[in-house]
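Each chain, written out:
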Amino acid sequence: MIVLGLETSCDETSAAVVADGRTVLSNIIHSQSVHHRFGGVVPELASREHIRRIIPIMDEALAAAGLTLDDIDGYAATFGPGLVGALLVGLSFAKALAYGSDKPFYAVNHLEGHIAANRLAHPDLGESFVTLLVSGGHTMLIDVNGFGDYRVLGKTVDDAAGEAFDKVAKLLGLGYPGGAAIDRLAQDGNPSYVRFPRAIPDPKRLVFSYSGLKTAVGLHLKGYSADEMAVHRADIAASFQEAAVDMLCDKSLRALEVTGKKILALSGGVAANSRLRFKLDEACRRIGARLIVPPPELCTDNAAMIAAAGYYHLVRGEQSPFTVNAVPYQKLG
Ligand code: KG4
Ligand code: ZN
C-alpha cells in the first residue's frame, strides 16, 4: 500500500510517499524561513506559507518517488496537535485529494506520527518499548504496547525541552529555532563550566520541568559583559545542554525501570541532539537496554512519519470521515 502523507502542523511543509509503512520513497521537507526574523513561529504566516508551498512540495514528493497521484492507495495528514490554521492546510488538502480520487484517508495524530518514525527507521522494533518524545511542543515518556496502545507515563509540567533549547538559543543570540545551533556550538564548549539546576518537580513521578532551567540561564547571563559573552557562549550552551539532557536521561531510565522494558525509542525534534543520543546510548548500555533513534530527518517534523502512522490505520481498514476537523490540543490516544 502506497500512502501519501502531508504534515503542516507548525512551520514545516512536508509531503512524503511511503510504501507499506516502512519504505520511504520520498520525504520532502520545507522548513519555513519566514519566521526567523520574528524569533518564533507566527501562526498566520505559517498558514499562508503552507498554502503557497503545499502543491509544489507534494509534486516534488511524487516526482522524487517516481510516481503520480494514480499510484497512491491512500492519504494521511496531521490533524493535531498543532497550529489550527496550519493544520487545516494539509488536512483539507489531503481530504480533497482522497475525496476526488475515491481513495481512503486517515487523519493522523502528530504525536503518533513521531512514535511511528521509530518504526520506519527500525522495522524490527517490535511492539513493546518506551518512547521519549521530545520536541518544541512536547516532552513526554510513553509506554507503548503495540500500535495504537499508548500509556503516557509523564510529561512536562511547564515548558517543553525544545522550547527551552529555543529560548536559551535566543538568549545566546543564535536565532530561531536554536536547538540544532546549541548542539553545534556546545561541541566547542565545556559542559561543566556552570552547573545549572536539574529540576526534579516530583521525584516519584515521571514529570519534567524546563522553565526553571531557562530562567537560570537567563539570570546567569545577566552578569555578563559583551566580551565575557563572546568568550563563554559555547561554555554556556554546553552547560545548559548538559543539564537539559541529564533531566531527560534520568527520567527515561526511571521509565525503563518502572515498566521493566528494555527498549527506549527516541522521537521528536530534540531527539536529533547529539549529546542526548550519546548520553542515553551510554546509559542504556549500562543497564542492558537498547536505544533506538531515527535519523535526524525523521526526528524533526516530516511527512514520512505521518504517512507511516496513517498506513498502520489504513491497512486495518480504519478511515477518518471527511468531517474530521483540525484539533490544536489533540492528546495522544
Ligand atoms: O518535532 P519538531 O520538529 O517540532 C515540534 O513538533 O515541535 O521539534 C522542533 C524542536 C525545536 O525546538 C528545535 O530547536 C529542536 O526540536 N531541535 C533540537 C535539535 N534539532 C531540533 N534541539 C536540540 N538539539 C538539536 N540538534
Ligand atoms: Zn513534531
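The structure this text deals with has already been given above.
The paragraphs below set out a description of the structure included in this document. Since the structure is predicted, the reported quantities are computational estimates derived from the model, not experimental observations. (Residues numbered from 1 in each chain as written. Chains lettered and ligands numbered in written order. Predicted model: local features only at pLDDT ≥ 70, side-chain atom pairs only at ≥ 80, totals over all residues. Heavy atoms only, no water.)

So, the packing of helix H5 (residues 179-186) against helix H7 (residues 226-259)
Interhelical geometry of H5 versus H7 gives an angle of 110° and a closest axis separation of 8 Å. Our classification of the angle between H5 and H7 gives roughly perpendicular. For H5 against H7, the interelement crossing comes out left-handed. Mapping the contact onto sequence places Ile182, Asp183, Leu185 and Ala186 in H5 and Arg233, Ala234, Ala237, Ala238, Phe240 and Gln241 in H7. Among the residues forming the contact of H5 with H7, the class breakdown is 7 nonpolar, 1 polar and 2 charged. (Axes fitted to C-alpha atoms, helices over the stretch in contact; angles between N-to-C directions. Helix = DSSP H or I, 4+ residues; strand = E, 2+ residues; numbered from the N terminus. Parallel < 35°, antiparallel > 145°, perpendicular 65-115°, else oblique. Left-handed = near helix turned anticlockwise from the far one by under 90°. Contact = heavy atoms within 4.5 Å. Nonpolar A, V, L, I, M, F, W, Y, C, P; charged D, E, K, R; others polar.)

What about the coordination of the zinc ion (ligand 2)?
In ideal tetrahedral geometry, four donors around a metal make angles of 109.5 degrees, whereas ideal octahedral geometry with six donors gives angles of 90 or 180 degrees. The protein atoms that coordinate the zinc ion (ligand 2) are His110 (NE2), His114 (NE2) and Asp301 (OD), at distances spanning 2.1 Å. What the 4 donor atoms of the zinc ion (ligand 2) show is an angle range of 92 to 143° at the metal, which sorts the shape as irregular. (Donors = N, O, S within 2.8 Å, 3.2 Å for Na, K, Ca; no water. Tetrahedral: all angles 85-135°; square planar, octahedral: opposite > 155°, others 65-115°.)

Describing the sheet that holds strand S2 (residues 12-19)
Read across the open sheet, the 5 strands follow the order S3-S2-S1-S4-S5; overall the sheet is mixed. Edge positions in the sheet fall to strand S3 (23-31) and strand S5 (105-109), since each of these pairs with one other strand and no more. With strand direction ignored, the average angle separating the axes of adjacent strands in the sheet is 20°. Across 5 bridges, the pairing between strand S4 (residues 74-80) and S5 is parallel. In the strand pairing of S5, Tyr75 is matched with Phe105. On top of the sheet, helix H2 (residues 84-101) reaches strand S1 (2-7), S4 and S5; it is set at about 155° to S4, its chief contact. Here helix H3 (residues 110-121) sits on the sheet and contacts S1, S2, S3, S4 and S5; the angle it forms with S5, its principal contact strand, is near 95°. (Pairing = 2+ DSSP bridges.)

Digging into the site of ligand 1
Near ligand 1 there are 20 residues, and of these Gly136, Asp166, Gly179, Asp183 and Asp301 occur at the shortest range. At 3.0 Å from a nitrogen atom of ligand 1 is found a side-chain nitrogen or oxygen belonging to Asn273. Measuring from an oxygen atom of ligand 1, one finds a backbone N or O atom of Asp301 at 2.9 Å. Taken by itself ligand 1 offers 560 Å² of open surface, and the protein chains cover 88% of this. Looking at the shell around ligand 1, the elements with two or more residues in it are H3, helix H4 (161-171) and H5. Looking at the shell around ligand 1 residue by residue, the class counts come to 6 nonpolar, 11 polar and 3 charged. (Near = heavy atom within 4 Å. Polar contact = N/O pair within 3.5 Å; in protein donor to acceptor, adjacent residues only side chain to side chain. Areas by Shrake-Rupley, 256 points an atom, 1.4 Å probe, with all protein chains shown as cover.)

Description of the pairing of S4
Sheet faces and side chains relate simply in a regular strand, where the side chains alternate between the two faces. Across the 7 residues that make up S4, a large majority, 7, are buried. As defined by bridge partners, S1 adjoins S4 across 4 bridges and the pair is classed as parallel. Residue Leu6 lies in a different strand from S4, and its bridge partner there is Ala77. Assessed by its sense of winding, the connection that carries the chain from S4 through H2 to S5 is right-handed. (Buried < 20%, exposed > 50% of the residue type's maximum accessible area, 1.4 Å probe, protein only. Right-handed = clockwise from strand over helix to strand, strands pointing away.)

Details of the pairing of S3
Relative to S3, S2 is paired through 8 bridges, and the arrangement is antiparallel. Counted as the bridge partner of Ala19 is Thr23 from S3.

Details of the sheet that holds strand S8 (residues 150-155)
The sheet built from 5 strands is open, its strands ordered S8-S7-S6-S9-S10 with mixed pairing. Where the open sheet ends on each side, the last strands, each with one partner, are S8 and strand S10 (290-292). In this sheet, neighbouring strand axes are inclined to one another by 25° on average, regardless of whether the strands run parallel or antiparallel. One ladder, built from 4 bridges, connects strand S6 (residues 128-134) with strand S9 (residues 263-267); its direction is parallel. Opposite Leu132, over in S9, you have Leu266 as the bridge partner. Helix-sheet contacts for H3 involve S6, strand S7 (139-145), S8, S9 and S10, and the interaxial angle to S6 is about 125°.

Function cannot be inferred from these measures alone, as they are strictly geometric.
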